[in-house]
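# Geometric and topological summary
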Number of protein chains: 2
Amino acid sequence: MIQIPNVPDGDNIPQLCHQTLVVPTAVLVPAPHGATAAPHGIAMTIGGVPPPRPHCCVSPQALCSVSPQDLAVPNAGWSVAMREQFQHLLRRTADGSWRRIPSYRRGLDYLPEVVQMVVGPVTGPGPRHFLRNLDAEGAGFEYAIFLHSSGHHAQCLCQLGPYLEGHHGFAHGGAIATLIDTTVGACALAVAKTSVMTAKLNISYLVPMPVGAVVVADSRMERHEGRKIFLSCRVHDTKGDTLYAEATALFIQVENTKPPPAARP
Amino acid sequence: MIQIPNVPDGDNIPQLCHQTLVVPTAVLVPAPHGATAAPHGIAMTIGGVPPPRPHCCVSPQALCSVSPQDLAVPNAGWSVAMREQFQHLLRRTADGSWRRIPSYRRGLDYLPEVVQMVVGPVTGPGPRHFLRNLDAEGAGFEYAIFLHSSGHHAQCLCQLGPYLEGHHGFAHGGAIATLIDTTVGACALAVAKTSVMTAKLNISYLVPMPVGAVVVADSRMERHEGRKIFLSCRVHDTKGDTLYAEATALFIQVENTKPPPAARP
């Protein structure tokens, strides 16, 4: 029986480092005077004036040297069904045909200045990835994404916790859309091998999904035309007996992401 | 200048009480022996054996007698832009043409036994509404929905906080889908005057939405055929200069919602 590794092994997905996805055009420069020093003593601008001291620049890849906590592994909030299915999917990675993708709370967890300079002064909480924004284990999205070696097929095992409720007892339609967007996005990312953004998402909700359900979102790349990646997705229970939702999506490759304007305080 | 009321006033939307939405077919019976007493000393079954002591039954409407906290009002996490737009939209309610809809952390906040009996034993956190599942003010969805007196037009003012991030600096596609689903759902609910569930959701993402943005999701009922309600939605900035997303949706009226099966622990 394959044991769940404490340190992810063999997770060399197309984007080796999550940070290369979230800061694809990063130019790292020294932190401004008065800013609180980051662990690495650096801060970042995107699309601004070229850094005056290029010797201080750090490539996005260098951020990989410090690994944030991988959350796509079992925790106390995972149900028996979730754990069993995770083990099943993990066994498929033994021969290299599938790979588990790590998942983090936020891409820039250890660089608070980066966040401050990119999205403006953070007076409240710093950024977190939408699906990893809850601290309580088992409350929200518990998930692990597996990617086929072809790079054209992704499966997301997901337990939808009680904090994702819409109609009483059932997952919110937006939570299901979020699961689908994340799964097709992972597949699109593997195809594009660069950053991608959702352009279209068409979802058919077929059966109400109870909170607490453990489901698999199964996404495939249908075709790839220039910067456009067309995908499909089916969300079903772990046995494949119940098809909860079907979807199609269009993702666009984005080579250079413009920085968002600073939000008005 | 209209002041923001501490206690919502004039919020008699079609569903007078949020609880009537989430437990439309509720039959309330005495709590089983050994169960922890709720504040009202009652528990609920849905679709089970008729209660043996009908004098203990409480109609869903009676739940309205205790009001949970309305969260669709300004808090410390709201930006200046959010507050200003909220005041603008609130002023329109003065003549009765628009109404602000209250919003709660969870529908059954004060009836833990109900949750336990409907969705099974809750070993982890109790349920929360997806858009209200964060405690930190300003971190997630900060929003207020306004409904036109025609019942066919809903507007959701929303500030998308830093915990809703997808691509770095931008709101997750699932978060935008959640905002849209919630807004068109509110409109569908006003049309149906009974519970509704999402059947189809088709979204075009036009412009990346920065985290921290204050936007308005504007939804209209397009047509109503039997139990089907067709709607549209446009998400734009508060000035209407930037159209972030467009969507169409189909909602289905559900008169009697079956309870979800208990999740496997």
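Residues numbered from 1 in each chain as written. Chains lettered and ligands numbered in written order. Predicted model: local features only at pLDDT ≥ 70, side-chain atom pairs only at ≥ 80, totals over all residues. Heavy atoms only, no water.

Chain A carries the name Acyl-coenzyme A thioesterase THEM4 in an unreviewed UniProt entry, which gives Chrysolophus pictus as its organism. UniProt lists a comment for chain A under the heading Sequence similarities (unreviewed entry), and it reads "Belongs to the THEM4/THEM5 thioesterase family." (UniProt positions renumbered as here; feature names shortened; annotations may be inferred.)

This brings us to the overall build of chain A. Regarding its fold elements, chain A presents four helices and nine strands. Reading chain A from its N terminus to its C terminus gives the helix and strand order α-β-β-α-β-α-β-β-α-β-β-β-β. Relative to its 265 residues, chain A shows a buried fraction of 57%. A separation of at least 24 residues holds for 68% of the contacts in chain A among residues at least 6 apart in sequence. Per element, the accessible surface of chain A, about 11200 Å² overall, is 53% carbon and sulfur. (Helix = DSSP H or I, 4+ residues; strand = E, 2+ residues; numbered from the N terminus. Buried < 20%, exposed > 50% of the residue type's maximum accessible area, 1.4 Å probe, protein only. Contact = heavy atoms within 4.5 Å. Areas by Shrake-Rupley, 256 points an atom, 1.4 Å probe, with all protein chains shown as cover.)

Moving on, we get to the packing of helix α4 (residues 173-192) of chain A against helix α4 (residues 173-192) of chain B. Packing of α4(A) against α4(B) leaves a shortest axis separation of 8 Å and a crossing angle of 155 degrees. Here α4(A) lies roughly antiparallel to α4(B), going by the angle between them. Of the two elements, α4(A) crosses α4(B), and the hand of that crossing is right-handed. Here A:Gly173, A:Gly174, A:Ala175, A:Ala177, A:Thr178 and A:Asp181 of α4(A) come into contact with α4(B), specifically with B:Gly173, B:Gly174, B:Ala175, B:Ala177, B:Thr178 and B:Asp181. Broken down by class, the residue content of the contact of α4(A) with α4(B) amounts to four nonpolar, six polar and two charged. (Axes fitted to C-alpha atoms, helices over the stretch in contact; angles between N-to-C directions. Parallel < 35°, antiparallel > 145°, perpendicular 65-115°, else oblique. Left-handed = near helix turned anticlockwise from the far one by under 90°. Nonpolar A, V, L, I, M, F, W, Y, C, P; charged D, E, K, R; others polar.)

Right, let's talk about the pairing of strand β5 (residues 153-160) of chain B for a bit. Residue and element names in this part refer to chain B. Counting buried residues in β5 gives eight out of eight residues, a clear majority hidden from the surface. Burial along β5 is two-sided: His153, Gln155, Leu157 and Gln159 facing one way and Ala154, Cys156, Cys158 and Leu160 facing the other are all buried. Looking at chain direction, strand β4 (residues 141-148) and β5 are connected through seven bridges and run antiparallel. Note on β5: the bridge partner recorded for Ala144 is Leu157. Counting the residues that bridge the hairpin from β4 to β5 gives four residues, and of these Gly151 lies at a positive phi of roughly 80 degrees. The pairing of β5 with strand β7 (residues 214-225) spans seven bridges and is antiparallel. Along β7, the bridge assignment pairs Leu157 with Val216. (Pairing = 2+ DSSP bridges.)

Attention now moves to α4(A). Residues and elements named next belong to chain A. Taking 1.5 Å of rise per residue, the 20 residues of α4 would be expected to cover 28 Å, and the 28 Å separating its terminal C-alpha atoms lies within 8% of that figure. For α4, the tally of buried residues reaches 20 of 20 residues, placing the bulk of the element in the interior. Just downstream of α4, Lys193 is the residue with a positive phi angle, here 60 degrees. (Expected span 1.5 Å × (residues − 1).)

The feature "domain: Thioesterase" (unreviewed entry), as given by UniProt, occupies residues 168-242 of chain A in the numbering adopted here. In the segment residues 168-242 of chain A, helix accounts for 27% and strand for 43%; the C-alpha atoms at its two ends are 20 Å apart.

Attention now goes to the side chain of B:Ser204. Turning to its location among the elements, B:Ser204 is positioned in strand β6 (residues 196-205). Reaching out from B:Ser204, the side chain makes a polar contact with the side chain of A:Lys200 at a distance of 3.0 Å. Contact partners of B:Ser204, with chain neighbours within four places excluded, come to A:Ala199, A:Lys200, B:Tyr244, B:Ala245 and B:Glu246. (Polar contact = N/O pair within 3.5 Å; in protein donor to acceptor, adjacent residues only side chain to side chain.)

Let's shift gears to the state of the cysteines. All names here are of chain B. This model, assessed by the stated rule, comprises zero disulfides over all chains. Unpaired in terms of disulfides, Cys156 finds its nearest cysteine sulfur in Cys158, a separation of 5.2 Å. On the basis of relative accessibility, which here comes to 1%, the residue Cys156 falls in the buried class. (Disulfide = S-S within 2.5 Å.)

This paragraph deals with the packing of aromatic side chains. For the structure shown, the criterion picks out seven aromatic pairs over all chains. Pairing A:Phe141 with B:Phe130 gives two aromatic rings, centres 5.9 Å apart and planes at 80 degrees, and the pair type is edge-to-face. Taken together, the positions of A:Phe141 in strand β4 (residues 141-148) and B:Phe130 in the loop between α3 (112-119) and β4 put the pair across two chains. The same class applies to A:Phe141 as to B:Phe130, namely buried. Three or more aromatic residues link up through ring pairs in this structure, and these residues are A:Phe130, A:Phe141, B:Phe130 and B:Phe141. The ring of A:Trp98 has A:Arg92 sitting right over it, with the charged end atom 3.9 Å from the ring centre. (Phe/Tyr/Trp six-rings, centres within 6.5 Å; stacked < 30°, edge-to-face > 60°. Lys NZ or Arg CZ within 6 Å of the ring centre and 35° of its normal.)

Residues and elements named next belong to chain A. Direction of pairing for strand β6 (residues 196-205) relative to strand β9 (residues 243-253): antiparallel, over a ladder of nine bridges. Bridge assignment links Lys200 to a residue of β9, and that residue is Leu250. Looking at chain direction, strand β8 (residues 228-237) and β9 are connected through nine bridges and run antiparallel. Bridge pairing links Phe230 to Leu250 in β9. Taking the residues between adjacent antiparallel strands as the criterion, β8 and β9 are bridged by five residues, where Gly240 takes a positive phi near 80 degrees.

Turning to helix α2 (residues 80-91) of chain B, a few remarks are in order. All names here are of chain B. Helix length check: α2 (12 residues) gives 17 Å between terminal C-alpha atoms against 16 Å at 1.5 Å per residue, within 8%. Along α2, the residues that are buried comprise Ala81, Met82, Gln85, Phe86, Gln87, Leu89 and Leu90. Looking at the packing, one finds that the buried side of α2 touches β3 (98-101), β4, β5 and β7.

With respect to the secondary-structure elements, A:Ala188 resides in helix α4. Once residues within four sequence positions are removed from consideration, A:Ala188 is found in contact with A:Val196, A:Ile229, A:Leu231 and A:Phe251.

The next thing to look at is unusual backbone geometry. One non-glycine residue, A:Lys193, adopts positive backbone phi at about 60 degrees. On the secondary structure map, A:Lys193 appears in the loop between α4 and β6.

What follows deals with the pattern of salt bridges. Residues and elements named next belong to chain A. In the structure shown here, the tally under the stated rule is 12 salt bridges over all chains. Here Glu246 makes a salt bridge to Arg234, at a shortest N to O gap of 2.8 Å. Of the two residues, Glu246 sits in strand β9 while Arg234 sits in strand β8, which places them 12 residues apart along the sequence. Residue Arg234 is classed as partly exposed on the basis of its relative accessible area of 41%. (Salt bridge = Lys/Arg side-chain N within 4 Å of Asp/Glu carboxyl O.)

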